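Here's the letter readout for the chains.
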Amino acid sequence: MPEPTAKLVCRNVWKLFGSGAADKLSAMGGRPELSEISRAGLVSAVRDVNLDVREGEIFVIMGLSGSGKSTLVRCLSRLVEPTAGEILFNGRNLLAASDQEMIEIRRHKMGMVFQHFALLPHMTVLENVAFPLEVQGMARLDRLARAQEMVSLVGLSGREDAYPRQLSGGQQQRVGIARSLAVEPELWFLDEPFSALDPLIRREMQDEFVRLQSVLRKTIVFITHDFDEAIRLADRIAIMKDGAIVQSGTAEEIVLNPATDYVREFTQAVPKAKVVRVSSVMSKDVGLDGLSVPSRATVAEAAPLFLEGANSLRVVDEGGKPVGTLHRDDVIHLLLES
Amino acid sequence: MVAANSKSPISAKGPAGSLIWGVGSVLFLAFWQLGSRWLPWAFEYPKGWTIPAAQWIGQFMKWLLNEAHFGLFTFAELTRFIAAVIDFPYRIVLSLLSTGFLSGQGSSAEQILPPVAWIAVVAIFALLGYLAEGRRLALIVTGCMVFVAVFGQWSSAMVTLASILVAVPIGVALGLLLGIAAYRSAWVERLLQPILDLMQTIPVFAYLVPILFMFGFGPTAAVVATVIYAMPPMTRVTLMALQRVPSEIRDLGRMIGCTRAQLTWRVMVPTAQDALMVGVNQVIMLSLNMVIIASMIGAGGLGFDVLAALRRLDFGAGLEAGLAIVALAIALDRLSQAFVRRPVRETPQGSWPSRHPYLLSALATILVAGLAGSIVPAIQTYPVGWQLSTGEFWSDVVKWINVNYFDALEAIKNFFLLNLLIPFKRFLIGLPWLGVVAFLVLAGWRVKGPRLALLVGCLGFLIAATGQWEKAMITVYLCGISTIIAMVIGVPIGIASAERPRLWRWVQVIIDTLQTLPSFVYLMPAVMLFRVGDFTAMIAVVAFAVAPAIRYTALGLRGVDPALVEAGKAMGCTPRQILTRIKLRLALPEILLGLNQTIMFALSMLVITALVGTRDLGQEVYIALTKADSGRGLVAGLAVAFIAIIADRLIQAGAQNARLRLGISQVRT
Ligand SMILES: Nc1ncnc2c1ncn2[C@@H]1O[C@H](COP(=O)(O)OP(=O)(O)OP(=O)(O)O)[C@@H](O)[C@H]1O
Ligand SMILES: [Mg+2]
């Protein structure tokens, strides 16, 4: 059962490309193997995906190139019609919505940021940002004012009259972000928004994104092929391979218990201390006094406190109540492991 | 009997393949030499068996015009409606540019407002040039327009410009809409693709006569013909441009909740704008190409002047009107190309006048020139006294050439006629139609398969069955010999320039210019030197059709993978061996496409060469035009189209085979 707060639920969603895909899928019994699908002359993009995205969280979908991430996110927004399955948005079946209803939903409730920015070349920055509002029929002055606000929010004040081709990649993506936010969407899709950027800029944009989210608190589906990025941003991660989700959970769960060798490959390069939270390594005995750390902190954040010479730290929950003890040896173990 | 051995499997290649060709050829020869005694009907299609297609079509057209009914309206009403839609803007533009606004009818009409002063028109062209690129282009287009005025072609040029200004927007709009429809619906695309393919191979005049019949002689018919001729590339370009819009942009449009119309007009079309402008340029150039042909059905203007001059054999006048078309073509081509290349279009901010400085200055120019023109007539109309005419000079040149070189020219002409043209013509006319059709079937079968065999067989048979065989053979003879000569000239030039970048740049400029010139320009000098006849026609066709032969050869050779050339060098091939064994072989598919284009160009010249008294299908169309006999014109036009389709399909399939054999999948076009 999806939790009551689930914003977007996706049940047994399939997407196969090729003619007569739906019929062939049900003819194959509804859950064919990869080899069966290719034998039927179809290209599989999304296979039997189940997930739920909760209100206010950043849900990251990670996978290598061609694993079906873009197709999945386009199924979620119904830019691509799924071959089979069900998608519930605010508890309502998206696949049953009429064209007119879809237009309304997209105009007011959804926003999307694209890998290659998808800016309209014949419009200025301001016009691009105002475009979704223009499409809705908002009056010129109102929409320009709103767009101006968004442009300032992403730090592009002063470049309103520039054309996309006059901007750097990072700046272009800021425009893309501002545009997708202009309609105040409830659900925000980002399809590899930073993949086309240089590593340094990418880092900067990730920080910017975290800052924005701390203000906006949107429900976010974020696509990436970069596991580090996933860990930095995600509340929860789903890992895709060949169109199917092989594991989903928090970064910590995935790093500590990789479900398959494929997942382990990604997790190996990640320093565990940066992912694992204090609460996962502490012992349950509620210790004496001494320095205290929040249980949600990562081990890497807690480690410097041992430099003061303590052997153990008191772990406290959000309310400041002690919940356990973090021992120096456990921390060293974890640090050595990765 | 020839058909029997064409049933061989397609897969038979190599020795078996040549054997089939050998046997086919021998049978064909035997049949040709010996068959006339037993099967006279195979040599000359019996009159009694002729399908009276011309009559049927004539009756059908009559029925269409007099009786056809689409429920709400009749066909005649439809054509009248289209005519009105075209006529209204045409009248306005014509009044603006040429006649002025009149009140009253006929000779009692009074001018209430003069046309735009010639100086103002030149200034507007200059402004456009400046807006599109800068001072240089402004100078070029001004030069072109002044040239037109100085040589006394202004009033005709404005009539031509008026019909182009009407035809181009209609062609662009229709092409755009069709392209969008094809983009939106796979079904429409599938329907449209073969029609567009066909339009590219059908020579214009296949549909000239029916248009004449439906719309009557006059500028309306001319605009309709021009639009039909110039629109297909716009449709193609639109479809391609929309398909090339990044899928993310499309997704964006849908994601922000665009309706279908918003997605098309606010997102897709503006994004594809640059590519679409290429299509607009094509429409303009093709419309200009049609100027003279359109004047055969009433376009008037420069085209009519050329046509009339050609009929009188007044070279000077024809040449001047022809050059004026060229000047107009250069100006419009450069302008539209510059708009294609134009970089960032900043929309200036501020009040209306400051946002539209060009529009404002254009309007001001018209007004000021109009007022000044009412005082100083030289501003309103280019004074006759300032006109130059080289007509006399050219006539003198021709006279002089004829006096001094008549014998030499005559000798050259006769040499070619006696040794090449006439024997080739006799040979083709002597062939049995049945044998030729069978041979085509064999060829179709061998290069592609039964479907192509059936197609070329049917088309060939229809040519014979409608009683067009002999004229068709004369067409094949004229085009064939011109194509051969064009290839003989063009391929070596292509080979020579492919290796030398500097030479290639020059050659490119020349062949680009050759292709922008309206085709009949080539006829003028040929007529001047050799007067009328097949030889003159041949020279004009060769001059027009040599460009693709050069272009495709050079492009093909330049496209050869350098690694293969390196490999050849490493194996110790001499430069000659590299050329013949490696490069030419690999470039073969493109050279074949060049051959194809050369044939298409040659066929499209036919109705123009009819002016110099050829006896082929082009002449047949021309005669039908003058008699407004739509059945006869359409049948002859379709026969040309059939020849074009047969050649096109066979060569395309051959090029495809060559490509497969060489393992090259892609080819630039
Ligand atoms: N329109 C389509 N028609 C046919 N196959 C498609 C189509 N779109 C995607 N595919 C296929 O579906 C699979 C998943 O593609 P998708 O674009 O979703 O991958 P991705 O994970 O987003 O990759 P990337 O990181 O490269 O963007 C690929 O094998 C792709 O070839
Ligand atoms: Mg993708």
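Just so we're clear, the structure is a prediction, and the values are computed from it rather than from any experiment. (Residues numbered from 1 in each chain as written. Chains lettered and ligands numbered in written order. Predicted model: local features only at pLDDT ≥ 70, side-chain atom pairs only at ≥ 80, totals over all residues. Heavy atoms only, no water.)

Topic: the overall build of chain A
Keep this limit in mind: Under the DSSP-based scheme used, a helix requires at least four consecutive residues in state H or I and a strand at least two consecutive residues in state E, with every element numbered from the N terminus. Relative accessibility decides the category of a residue: with a 1.4 Å probe and only protein chains considered, values under 20% of the type maximum give buried, values over 50% give exposed, and everything between is partly exposed. Here, residues are in contact when the closest pair of their heavy atoms is within 4.5 Å. Throughout, the Shrake-Rupley method with a 1.4 Å probe supplies accessible areas, and for residues the shown protein chains are the sole cover considered. Charge counting treats Lys and Arg as positive and Asp and Glu as negative, with His and both chain ends excluded. For charged residues, the charge sits on one atom: NZ in Lys, CZ in Arg, CG in Asp, CD in Glu.
When helices and strands are counted, chain A shows 14 helices and 13 strands. C-alpha atoms of chain A, sized along the principal axes, occupy 65 × 55 × 35 Å. When each of the 338 residues of chain A is scored for burial, the buried share is 52%. Summarising the internal contacts of chain A: among those between residues at least 6 apart in sequence, 65% fall at separations of at least 24. Accessible surface, chain A: about 15,300 Å² in total, of which carbon and sulfur atoms supply 49%. Taking the average location of the 39 positive side-chain charges in chain A and that of its 45 negative ones, the two points are 3 Å from each other.

Comments concerning the confidence of the model for chain B
Note the following rule: Per-residue confidence from the predictor is reported as pLDDT, a score between 0 and 100.
Confidence in the prediction of chain B, expressed as mean pLDDT, is 83, and 93% of residues score 70 or more. Reported confidences for the modelled complex are a pTM of 0.81 and an ipTM of 0.88.

Structural notes on the pairing of strand β10 (residues 244-249) of chain A
Rules: We call two strands paired when DSSP finds no fewer than two bridges between them.
The pairing of strand β9 (residues 236-241) of chain A with β10(A) spans 5 bridges and is antiparallel. Each residue of the ladder has a partner; that of A:Ala238, found in β10(A), is A:Ser248.

Digging into the pattern of salt bridges
Think of it this way: side chains of opposite charge can pair up when their charged atoms draw near. All names here are of chain A. Short version of the rule: Any Lys or Arg side-chain nitrogen located within 4 Å of an Asp or Glu carboxyl oxygen qualifies as a salt bridge.
All chains considered together, the criterion is met by 29 salt bridges over all chains. Two residues, Arg 54 and Asp 52, come together in a salt bridge whose shortest N-O distance is 3.9 Å. Arg 54 sits in the partly exposed class, given a relative accessible area of 28%. Among the residues examined, Asp 52 registers a relative accessible area of 22% and is labelled partly exposed. Residues Arg 232 and Asp 207 are paired through a salt bridge, measuring 2.6 Å at the closest nitrogen-oxygen approach. Here the residue Arg 232 occupies a position in helix α9 (residues 227-233), and Asp 207 occupies one in helix α8 (residues 199-216), the gap between them amounting to 25 residues. The class of Asp 207 is partly exposed, set by a relative accessible area of 44%.

Section: the interface of chain B and chain A
Put simply, the test is: Buried area: the accessible surface (1.4 Å probe) lost by two parts on joining, summed over both. For the purposes of these results, a polar contact is taken to be a pair of N or O atoms within 3.5 Å, where, inside protein, one atom must be able to donate a hydrogen and its partner to accept one; residues adjacent in sequence count only when each atom of the pair is a side-chain atom.
Between chain B and chain A, the residue contacts involve 20 residues of the former and 29 residues of the latter. In this assembly, chain B packs against chain A so that about 2,200 Å² is buried in total across both faces, 58% of it on carbon and sulfur atoms. Run the count over chain B and chain A and you get 2 salt bridges. Put simply, B:Arg266 and A:Glu134 hold a salt bridge, and the shortest N to O gap is 2.6 Å. One can count 8 residue pairs in polar contact (both at pLDDT 80 or more) joining chain B with chain A.

Here's the deal with the side chain of A:Gln213
Residue and element names in this part refer to chain A. Along the chain, Gln 213 turns up in helix α8. Classification of Gln 213 as buried rests on a relative accessible area of 5%. When residues no more than four places from it in sequence are discounted, the contact partners of Gln 213 are Gly 56, Ile 58, Lys 218 and Ile 220.

Comments concerning the packing of helix α7 (residues 154-184) of chain B against helix α13 (residues 273-289) of chain B
All names here are of chain B. Rules: Axes here mean lines fitted to C-alpha atoms, for a helix over just the part in contact, with angles spanning 0 to 180 degrees between N-to-C directions. Angles are sorted into four bins: roughly parallel if under 35 degrees, roughly antiparallel if over 145, roughly perpendicular if 65 to 115, and oblique for all others. The crossing is said to be left-handed when, going from far helix to near helix, the turn is anticlockwise and less than a right angle, and right-handed when the turn is clockwise. Put simply, Ala, Val, Leu, Ile, Met, Phe, Trp, Tyr, Cys and Pro go in the nonpolar bin, Asp, Glu, Lys and Arg in the charged bin, and everything else, Gly too, in the polar bin.
At a minimum axis separation of 9 Å, α7 and α13 run at an interaxial angle of 135 degrees. By the criterion of interaxial angle, the relationship of α7 to α13 is oblique. Both α7 and α13 take part in a crossing whose hand is right-handed. Of the residues in α13, those in contact with Ile 164, Val 168, Val 172 and Leu 176 of α7 are Leu 276, Val 280, Val 283, Ile 284, Ser 287 and Leu 288. In terms of residue class, the contact of α7 with α13 is made up of 9 nonpolar, 1 polar and no charged.

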